[in-house]
Amino acid sequence: MRHRKAGRKFKRSPSHRRMLLRNLATALLEHGRIETTLAKAKEVQPFAEKLITLAKDGWNLNDFRRVLAVVTKKDVAFSLFKEIGPRFKDRTGGYTRIFKLAKVRQGDAAPMAVISLLGENEQIKAATKPTVVATSAGS
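Quick caveat, the model's predicted, so the values are computed rather than measured. (Residues numbered from 1 in each chain as written. Predicted model: local features only at pLDDT ≥ 70, side-chain atom pairs only at ≥ 80, totals over all residues. Heavy atoms only, no water.)

## Some details on the pairing of strand 3 (residues 111-117)
Taken residue by residue, a regular strand's side chains alternate between the two faces of the sheet.
(1) Moving on: Among the seven residues that make up strand 3, six are buried, leaving the element largely enclosed by the rest of the structure.
(2) Moving on: One ladder, built from five bridges, connects strand 1 (residues 33-37) with strand 3; its direction is antiparallel. Pairing of Ile34 across the sheet is with Ile115, part of strand 3.
(3) Moving on: Where strand 2 (residues 96-104) meets strand 3, six bridges bridge the pair, whose relative direction is antiparallel. Of the residues in strand 3, the one forming a bridge with Ile98 is Ile115.
(4) Moving on: In textbook terms, the turn of a hairpin is the stretch between consecutive antiparallel strands, and for strand 2 and strand 3 this stretch comprises six residues, one of which, Ala109, has a positive phi near 60°. (Buried < 20%, exposed > 50% of the residue type's maximum accessible area, 1.4 Å probe, protein only. Helix = DSSP H or I, 4+ residues; strand = E, 2+ residues; numbered from the N terminus. Pairing = 2+ DSSP bridges.)

Put into structure tokens, the structure is as follows:
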């Protein structure tokens, strides 16, 4: 039974799965947006957001070394601490957005998605409360 075992396996060994997530997170931080399958996008989203949370407070050598253990390119780690992290300083989370694409991958019909970092001035619109219309309790 798989009770309480979170996460997707992607039919890969644990080391291969870990490397897949590292490469996807590095590509996302390097390019700002990547196109991948929906399952991989959903799996890499919290992985990348934890890295951005480490870099939010600016330069810290301990956090930089923790990021280097995950990110596969040193220049991406530097840009994470110098550009990407400070951009999200005022946000408490939700640094990425996933868009589902209408097309499917041709070989296996896997649903595709685009995961991207939020822009500088981009705000997530809060859910609006439904308006309540007051009616007169009639007599």
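## Let's talk about the packing of aromatic side chains
(1) Moving on: With the rule as written, the count across this model stands at six aromatic pairs.
(2) Moving on: When the centroid spacing of 5.8 Å and the interplanar angle of 70° are considered together, the rings of Trp59 and Phe81 count as edge-to-face. Placement of the pair is Trp59 in the loop between helix 2 (38-55) and helix 3 (61-68) and Phe81 in helix 4 (residues 74-87), with a sequence separation of 22 residues.
(3) Moving on: Aromatic pair Phe88 and Tyr95: ring centres 5.2 Å apart, planes at 50°, arrangement tilted.
(4) Moving on: Ring pairing ties together the aromatic residues Trp59, Phe64, Phe78 and Phe81, which thus form one cluster. (Phe/Tyr/Trp six-rings, centres within 6.5 Å; stacked < 30°, edge-to-face > 60°.)

## Describing the packing of helix 2 against helix 4
(1) Moving on: Between helix 2 and helix 4, the shortest axis-to-axis distance is 8 Å and the interhelical angle comes to 95°. As summarised for this structure, helix 2 and helix 4 are arranged roughly perpendicular, according to the angle between their axes. Mapping the contact onto sequence places Leu51, Ile52, Leu54 and Ala55 in helix 2 and Leu80, Phe81, Ile84, Gly85 and Pro86 in helix 4.
(2) Moving on: Split by residue class, the contact of helix 2 with helix 4 holds eight nonpolar, one polar and no charged. (Axes fitted to C-alpha atoms, helices over the stretch in contact; angles between N-to-C directions. Parallel < 35°, antiparallel > 145°, perpendicular 65-115°, else oblique. Contact = heavy atoms within 4.5 Å. Nonpolar A, V, L, I, M, F, W, Y, C, P; charged D, E, K, R; others polar.)

## Observations concerning the nonpolar core
(1) Moving on: Within the largest apolar cluster, 31 residues are counted, with the highest numbers of intra-cluster contacts made by Leu29, Leu51, Ile52, Val67, Leu80 and Ile84.
(2) Moving on: Listed by contribution, the elements that provide at least two residues to this core are helix 1 (14-31), helix 2, helix 3, helix 4 and strand 3.
(3) Moving on: With residues near it in sequence (within four places) discarded, Ile84 still touches Leu29, Ile52, Ser79 and Leu117. (Core = buried A, V, L, I, M, F, W, Y, C linked by side-chain atoms within 4.5 Å.)

## Brief notes about unusual backbone geometry
(1) Moving on: Within the chain, Phe10 stands out as a residue other than glycine whose phi angle is a positive 55°.
(2) Moving on: In this fold, Phe10 is placed in the segment before helix 1.
(3) Moving on: Owing to a relative accessible area of 18%, Phe10 belongs among the buried residues under this scheme.
(4) Moving on: One non-glycine residue, Ala109, adopts positive backbone phi at about 60°.
(5) Moving on: Accessibility expressed as a relative area gives 49% for Ala109, which makes it partly exposed.

Function-wise, these values are silent; they only describe arrangement.
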